[in-house]
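# Summary of the model geometry
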Amino acid sequence: MTREVDGEEVNAKEVVFDWLAKELQERDPRASRTVVAIMDGENKLRDLQERKIKRAIGILDIWHVTEYLYELAYCFYRDGSKEAEAFVETYLRKLLEGKVNRVIGGIRQMATKHDLSDSRWNKVEDCLLYFAVRSEYMKYDEYLAAGYPIGSGVVEGACRHLVKDRMEQAGMRWRIAGAQAILGLRAVYVNEDWDAFHADRIHTEQRKLYPYKKTLDTILNCAA
């Protein structure tokens, strides 16, 4: 979404995080609520979060962690094998218990006992480095105890249901203004707020068209 506007490049990530920061300020101006930021491991995204939404608790999306565990599993076992599934289940459970360092140490020790090819050994080291660098955002035992979400599956599912199912049907082409208008209506409909939305819309339109109606009603009631 990074694009040129009026001759200048507009960075999509900067725009999104500026919007998020504004939304957070409007929704929680007193900073009284807990804010969590669930993202993948891209350093640029985390840097932006820490710069623009400092008070958010950073969490590494557990689904991305699981993908890395599968990559590790396939360094030792055949793709789709029961052994690979057991490997992922074992180490995912340990990560959910907050044992990141034990997971790193255990898998590294396992790698030294196997006769891995150079490519698989490098893959193991890359994945373990990914965990080590991001361990600060992998305190899943603390997050779960506090009731925080640790995965973005619900949000991604909502994006598919709310956006993709409506906006990516055959032959559809959208401009930003039109897409935003349709998505606004789609959100109202999916949230089952259709009747309340129209009642509010009619009330708002009446205030615009007849700004003196309330005053006139007061005057007539006084006269009566």
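The coordinates are above.
Thresholds applied
Sequence order sets the numbering: in each chain, residues are counted from 1 along the sequence as written. With the structure being a predicted model, the display of local features is reserved for residues of pLDDT at least 70 and the display and counting of side-chain atom pairs for 80 or more, all residues being used for whole-chain, interface and lining totals. Each side-chain value is worked out from all heavy atoms of the structure, with water and hydrogens disregarded. Only protein atoms enter the calculation, which uses a 1 Å grid: trapped sets of points that fit a 1.4 Å probe without letting it out are cavities, open sets showing protein on both sides within 12 Å along at least five of seven lines are pockets, and any residue with an atom within 4 Å of a point is a lining residue. Grid points are joined across faces, edges and corners, and a volume is the space filled by probe spheres set on the points. Helix and strand assignments come from DSSP, with helices taken as H or I runs of at least 4 residues and strands as E runs of at least 2, each series counted from the N terminus. For this classification, the nonpolar set comprises Ala, Val, Leu, Ile, Met, Phe, Trp, Tyr, Cys and Pro, the charged set comprises Asp, Glu, Lys and Arg, and every other residue, Gly included, is treated as polar. By this rule, a helix spans an expected 1.5 Å times one less than how many residues it contains. Relative accessibility decides the category of a residue: with a 1.4 Å probe and only protein chains considered, values under 20% of the type maximum give buried, values over 50% give exposed, and everything between is partly exposed. Directions drawn from the helix axis to the C-beta atoms are what define this arc. In this analysis, two residues are considered to be in contact whenever any of their non-hydrogen atoms come within 4.5 Å of each other. As used in this structure description, the phrase polar contact means that two N or O atoms lie within 3.5 Å; if the pair is within protein, one of them must be able to donate a hydrogen and the other to accept it, and residues adjacent in sequence are counted only when both atoms belong to side chains.

## A closer look at the layout of surface pockets
There is about 1800 Å³ of room inside the largest pocket. Val16, Trp19, Leu20, Glu23 and Cys159 are, among the 40 residues lining the largest pocket, the residues nearest its centre. Going through the elements one at a time, helix H1 (12–27), strand S3 (36–39), helix H2 (43–52), helix H8 (153–167) and helix H9 (176–190) are the ones with two or more residues in the lining of the largest pocket. Among the elements that take part in the lining of the largest pocket, H1 stands out by supplying ten residues, more than any other. Split by residue class, the lining of the largest pocket holds 27 nonpolar, six polar and seven charged. In this model, the second largest pocket occupies a volume close to 170 Å³. His203, Gln206, Arg207, Tyr210, Pro211, Lys213 and Lys214 together form the lining of the second largest pocket. When contributions to the lining of the second largest pocket are tallied by element, the ones reaching two or more residues are helix H10 (194–209) and helix H11 (213–223). With three residues, the single largest contributor to the lining of the second largest pocket is H10.

## Description of H1
Compared with the 22 Å implied by 1.5 Å per residue over 16 residues, the 22 Å span of H1 between its first and last C-alpha is a close match. All of the buried residues along H1 are Ala12, Phe17, Glu23 and Leu24. Along the long axis of H1, the arc covered by the buried residues comes to 125°, so they all point the same way. Residues of H1 that are exposed and angled more than 90 degrees away from the buried face: Lys22 and Glu26. In this fold, the buried residues of H1 make contact with strand S2 (8–10), S3 and H2. Two or three places before lysine 13, at the opening of H1, asparagine 11 has a side-chain oxygen 3.0 Å from that residue's backbone nitrogen.

## A few points about the environment of leucine 60
Here leucine 60 shows up in strand S4 (residues 57–60). Accessibility expressed as a relative area gives 2% for leucine 60, which makes it buried. The sequence separation of leucine 60 and aspartate 40 amounts to 20 residues, and the corresponding C-alpha distance is 5.7 Å. When near neighbours in sequence (up to four residues on either side) are disregarded, leucine 60 contacts Met39, Asp40, Gly41, Arg46, Val65, Tyr130, Arg134, Tyr137, Met138, Tyr140 and Ile150.

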